[in-house]
Amino acid sequence: MELSEAIDKRKSIRKYQNKKINKNIIESLIDSARLAPSAKNRQPWSFVVVQDIIKNKIADTMIKKENELLQTTDRKGSSVINTAKIIKEAPILIIVLKEYDENWIISDCLSIGAAIEHICLKATDLGLGSLWIADTVYVQKDIAKLVEHENMQVISAISIGYSDQEPNRRPRKKLEDILEWYN
């Protein structure tokens, strides 16, 4: 698949087939992330692939935390519980971590974003679906403990699997609404 086609076809997938993914395929996703650009070539990312028991514990932790917040705050609801259900359904969850370093927060997070996008595009290229997950932020310390990386910060997660849906493209801003030219 050409890059422009992968960019056009990439969508956030929230329903997955109950189908295992070969370890070599997952390693090729991480290898594509490894090649992403990073500020000062710091390559601040680390990836942990979780399945089955640990993946479901992460989802259960998210649900528990969200239910606690809903009972003790004025929140009317959020996407966290739905995201946890997606995590349970996906065969693979990739946890994205970085070292704690106050001096590099912005550049490291931008670099990690590029690595995550490489994973999502490579997944599309390989016929897989992916979902870039931010809702892990609410339980990042719990997740770090579950994957035995308490010394690291969980930045995000990515669910991976064979898509069981063909969602419509979500609306995007028009080019003229986001682009300015100056001479």
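Sequence order as written defines residue numbering, which begins from 1 separately in each chain. With the structure being a predicted model, the display of local features is reserved for residues of pLDDT at least 70 and the display and counting of side-chain atom pairs for 80 or more, all residues being used for whole-chain, interface and lining totals. Water and hydrogen atoms were dropped before computing side-chain values, which therefore reflect all heavy atoms in the structure.

A word on the overall build of the chain
- Helix numbering and strand numbering both begin at the N terminus, where a helix is a DSSP run of H or I of at least 4 residues and a strand a DSSP run of E of at least 2. The secondary structure content of the chain amounts to seven helices and four strands.
- Reading the secondary structure of the chain in the N-to-C direction produces α-α-β-α-α-β-α-β-α-β-α.
- Overall, the C-alpha framework of the chain stretches about 55 × 40 × 40 Å when taken along its three principal axes.
- When burial is assessed residue by residue, the chain has 38% of its 183 residues classed as buried.
- The contact criterion used is simple: two residues touch if any of their non-hydrogen atoms lie within 4.5 Å. In the chain, the share of contacts with a sequence separation of at least 24, taken over all contacts with a separation of at least 6, comes to 83%.
- With an accessible surface of roughly 11400 Å², the chain has 50% of that area assigned to carbon and sulfur atoms. Note on exposure labels: buried denotes an accessible area under 20% of the residue type's maximum, exposed denotes more than 50%, and partly exposed covers the range between, all computed with a 1.4 Å probe on protein chains only. Note on areas: Shrake-Rupley with a 1.4 Å probe; residue coverage comes only from the protein chains shown.

Comments concerning the environment of Ala 36
- Take Ala 36: it is sitting in the loop between helix 2 (23–34) and strand 1 (46–50).
- Overall, Ala 36 belongs to the buried group, its relative accessible area being 6%.
- Sequence separation between Ala 36 and Ile 112 is 76 residues, and the spatial gap between their C-alpha atoms is 8.4 Å.
- Discounting residues that sit within four places of it in the chain, Ala 36 has contacts with Trp 45, Ala 114, Ala 115 and His 118.

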